[in-house]
Amino acid sequence: LLPFIPRCTLNGEMARVMEFDDKSSEMKFYVLEECGYAMSSFVFTGLDGNERDSGVYSLSLVFPVEKLGMFLPIHKLCTNRVRYAIKYLQILLRKDGWAKACESFCDPLRNFLQSIQQIGLFESGRVDLNVQVTAFGRSNELCFDLGFLRRAINSHLQTAGVTIVIGQNPSIVNLMIDTLAMFNSPEERRRSSHASKTDDGPLRTELETFQRTYAPDFFLQGIIQSGESVVDRALVIRSQMPSTLVNLNNASVRQTKPHHVYNVLRHEKEQQELQALEQDGNVPGASLRNLFSDVVDDSEMVKTLCTELFKPYHPSMREAVIVQFRQLVHRKALSVLQCAEDHGATREAPLTTEAVKRMRKDIGLESHSDFAIALAFAEKMAPGAYLRVMGDPERKQEQLVALLSSF
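The notes below deal with the structure included here. Treat the numbers as computed from the prediction; the structure is a model and nothing was measured.

Focus on the sheet that holds strand β9 (residues 293-294)
Moving on, step 1. On the basis of which strands lie adjacent, the open sheet formed by six strands has the order β5-β6-β4-β7-β8-β9 and mixed pairing. Among the strands making up the open sheet, the edge pair consists of β5 (192-193) and β9.
Moving on, step 2. Note that strand β4 (residues 163-167) and strand β7 (residues 244-247) share four bridges and pair parallel. When the sheet's bridge partners are listed, I164 is paired in β7 with L245.
Moving on, step 3. Along the sheet, helix α5 (residues 170-181) contacts β4, β5, β6 (220-224) and β7; its crossing angle with β6, the most-contacted strand, is approximately 165°.

Concerning the packing of helix α4 (residues 146-158) against helix α13 (residues 368-381)
Moving on, step 1. Two numbers describe how α4 lies on α13: the axes approach to 7 Å, and their chain directions differ by 40°. As far as their axial angle goes, α13 and α4 are oblique. Residues N154, L157 and Q158 of α4 form the contact with α13, whose own contacting residues are S369, A372, I373, A376 and F377.

Some details on the pattern of salt bridges
Moving on, step 1. For the structure on display, the rule yields ten salt bridges.
Moving on, step 2. One salt-bridge network, in which partners are shared between bridges, spans R238, K269 and E273.

A short note on the packing of aromatic side chains
Moving on, step 1. Under the criterion given, the structure shown has eight aromatic pairs.
Moving on, step 2. Between F44 and Y57 the ring centres are 5.8 Å apart and the planes differ by 25°, which places this aromatic pair in the stacked class. Of this pair, F44 sits in strand β2 (residues 37-48) while Y57 sits in strand β3 (residues 53-64), and the two are 13 residues apart along the sequence.
Moving on, step 3. Exposure remark for F44: the relative accessible area of 1% places this residue in the buried category.
Moving on, step 4. Ring geometry for F183 versus F325: centroids 6.0 Å apart, planes at 85°, classification edge-to-face.

Concerning the state of the cysteines
Moving on, step 1. Across all of its chains, the model carries zero disulfides by this definition.
Moving on, step 2. A disulfide-free cysteine, C8 has its sulfur positioned 9.2 Å from the sulfur of C35, the nearest such atom.
Moving on, step 3. Overall, the relative accessible area of 18% leaves C8 in the buried class.
Moving on, step 4. Its sulfur unpaired, C106 is 7.3 Å from the next cysteine sulfur, which belongs to C102.
Moving on, step 5. Look at C106 and you get partly exposed, because its relative accessible area is 39%.

Considering the side chain of H260
Moving on, step 1. Within the secondary structure, H260 is located in helix α9 (residues 259-279).
Moving on, step 2. Given the relative accessible area of 12%, H260 is considered buried.
Moving on, step 3. In this structure H260 touches Y386, L387, M390, G391 and P393, once residues within four positions along its chain are discounted.

Reading guide: rules and limits
Residues numbered from 1 in each chain as written. Predicted model: local features only at pLDDT ≥ 70, side-chain atom pairs only at ≥ 80, totals over all residues. Heavy atoms only, no water. Pairing = 2+ DSSP bridges. Helix = DSSP H or I, 4+ residues; strand = E, 2+ residues; numbered from the N terminus. Contact = heavy atoms within 4.5 Å. Axes fitted to C-alpha atoms, helices over the stretch in contact; angles between N-to-C directions. Parallel < 35°, antiparallel > 145°, perpendicular 65-115°, else oblique. Salt bridge = Lys/Arg side-chain N within 4 Å of Asp/Glu carboxyl O. Phe/Tyr/Trp six-rings, centres within 6.5 Å; stacked < 30°, edge-to-face > 60°. Buried < 20%, exposed > 50% of the residue type's maximum accessible area, 1.4 Å probe, protein only. Disulfide = S-S within 2.5 Å.

And the structure:
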């Protein structure tokens, strides 16, 4: 298999143009049933600093064909991470040459593989949830303060179902995770982890270590910590999606910046790290002090939901209320997308402020939190929706600078 991979991935690539921008790597996907393996390969160019000559390289993720069903849901995530790793390797090649670059690249590559394995680690976790094991079950109704629970659900929906739950008691942490998971799809629940041990076999030690540290790109994950949150912001910003941070130790709910602003911060952080590597090999600790902000409990949709859920209904009725709520959110998200399409909104020409105000009134999203929830679900349905509605912060900044420079 090893001799076959370079022949397969680099065939016909000798004339590839030297590039170092975001399009500098090309992804190819192979399913080799006769060999029993599949692979996602990335072809890219690199300049060997010692030889002063360019070359064409490939980096391949190889896995058994029977694991294809597990890999495909995280394929986009893997692609984004590998492209960043390739930029990292290209800089090492220019600075240190091939031999030393490979040696220096071992640690980042090992960390990448471990993080991908962690995402697949809980694939067989609980996907079908019963409302009785959540905070909406009759035996658990008094476990959380109602205002705190509303803020947690509100922020969880605003960050498109991505939430970190921190606490000292694994059973309470898992209760919150199961409660929030009611608003996630089965596929998203597979990319989630409970704080408690789910395997008494050989993975036991690894699970115990993992649940006390944060890993990017889970939808829901429980972390056992005491006192204040010590989640590493430099790791949080690596996640592809904004995140909610629910701390059960002090009943606080915080979230990262909105999707369109968060993506700018994430891109800036990556560029700072690559620039620092280019200059002196040290990755900077860029200030992310204001990454999280407190969540306000002003979602009318969530307030109405909780009022309905805590009525003396049969458990099956409560589950139906949640299903109806998710359908309501999806309808409002579709309305946002339809409005943006009707106005011909694009990233370069987003909806005007007046159009957004009129849309929010027409759809019934006058509450800021309700609007943020609908936008988050619209982004999941049609990536780029946030920019079409709210505009690109980088472009707005450029326009402001150009305007001020004209005076």
